[in-house]
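Overview (structure and organization)
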Amino acid sequence: MKPKNIPWAKALLIAILVTGCNGGNMNEKKINFKSLSEVPASKWEQLSQKNIYFGHQSVGYNILDGIRDVMKENPHIKLNIVESTDFDSQGKGAFFHSAVGENMNPSSKMKDFERIMTGSNAEKIDLAFLKFCYVDILSDSNPEKIFNEYKETIKRIENKNSKSRLIHLTAPLTTIQSGIKAWVKNILGKPLHGMSENIKRTEYNNMVVNEYDEKGSVFDLARIESTKPDGTRTSFDVNGKTYYALTPEYTYDGGHLNELSRKIVAEQLLLFLANQINLIE
């Protein structure tokens, strides 16, 4: 026998659709990303002469693929991307990168990054940054502990290497569970997969922004990942607080970046790096 069409069930469904992970509050100010055309050719030339180092894991390779995509469409942007930590190997002007540490072990990544950025030839790097993976901050992680370790790592690097400018990235996000299973979980009052993890990541990211944004050294990767093409944010509320998630259109597996998002992130990273030129001249 089919269940009757119960009014409260309809209301519950509507409430779930309205309050679940979505494009953000309708009254929220939309985000408009800057365009590559805003940067003069001379600044792209300057950037190509700088030595950059990027420590990362898998999402980092997505971003690097995005940079290559952008350069194909914009031939005036010419970066020499080299997977190496031998900073003497390319002369002046290279975008060095390498995998660091182990996934699910942020401490190992910080130790690797510190070792590389305090090495004998590290002062040849003009700009350097470390990116955690989404698996480095999970539901049982302590964001404050991870951030404090990161902050102490940065201090030690800066004390030993005063010539390299360090940039700080927010941690990447993942999508929130959706579909019929998510609908059932909402009815049962169970948390959706991805919510607790993104709560911890947002808490960590807020610490990064609060500590370093005033210095103009934060590349807010999470903000880009959670901003839909229409400028609204993919967010959810828990106990009156807003947290952010990866926009579903930007991924093929819930965490890694697809062709659309890797290009968006790459464009914003390149713009960010170009705007750092005046701070390291």
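Described in the following lines is the structure provided in the data block. (Residues numbered from 1 in each chain as written. Predicted model: local features only at pLDDT ≥ 70, side-chain atom pairs only at ≥ 80, totals over all residues. Heavy atoms only, no water.)

For I157, the position within the fold is in helix α5 (residues 143–160). The spatial distance from the C-alpha of I157 to the C-alpha of T118 is 6.1 Å, given a sequence separation of 39 residues. Not counting chain neighbours up to four residues away, the residues in contact with I157 comprise F113, E114, M117, T118 and L166. (Helix = DSSP H or I, 4+ residues; strand = E, 2+ residues; numbered from the N terminus. Contact = heavy atoms within 4.5 Å.)

A few words on helix α4 (residues 106–117). Along an α-helix, a turn takes 3.6 residues, which lines up residues three or four apart on a common side. For α4, which comprises 12 residues, the first-to-last C-alpha distance of 16 Å matches the rise-based estimate of 16 Å (1.5 Å per residue) to within 8%. On the buried face of α4, the contacting elements are β1 (51–56), β3 (94–99), β4 (127–130), α5 and β5 (165–169). (Expected span 1.5 Å × (residues − 1).)

We now examine the pairing of strand β7 (residues 235–238). Consecutive residues of a regular strand have side chains that alternate between opposite faces of the sheet. Alignment of β7 against strand β8 (residues 241–244), held across 4 bridges, turns out to be antiparallel. The residue of β8 that forms the bridge with D237 is T242. With antiparallel pairing between neighbouring strands as the criterion, β7 and β8 make up a hairpin whose turn holds 2 residues, including N239 at a positive phi of roughly 50°. (Pairing = 2+ DSSP bridges.)

Here the focus is the sheet that holds β5. The 6 strands lie next to each other as β2-β3-β1-β4-β5-β6, forming an open sheet whose pairing is parallel. Strands with a single pairing partner mark the edges of an open sheet, and in this sheet they are β2 (81–83) and β6 (218–219). Here β5 runs beside β6; their pairing, made up of 2 bridges, is parallel. Note on β6: the bridge partner recorded for H168 is V218.

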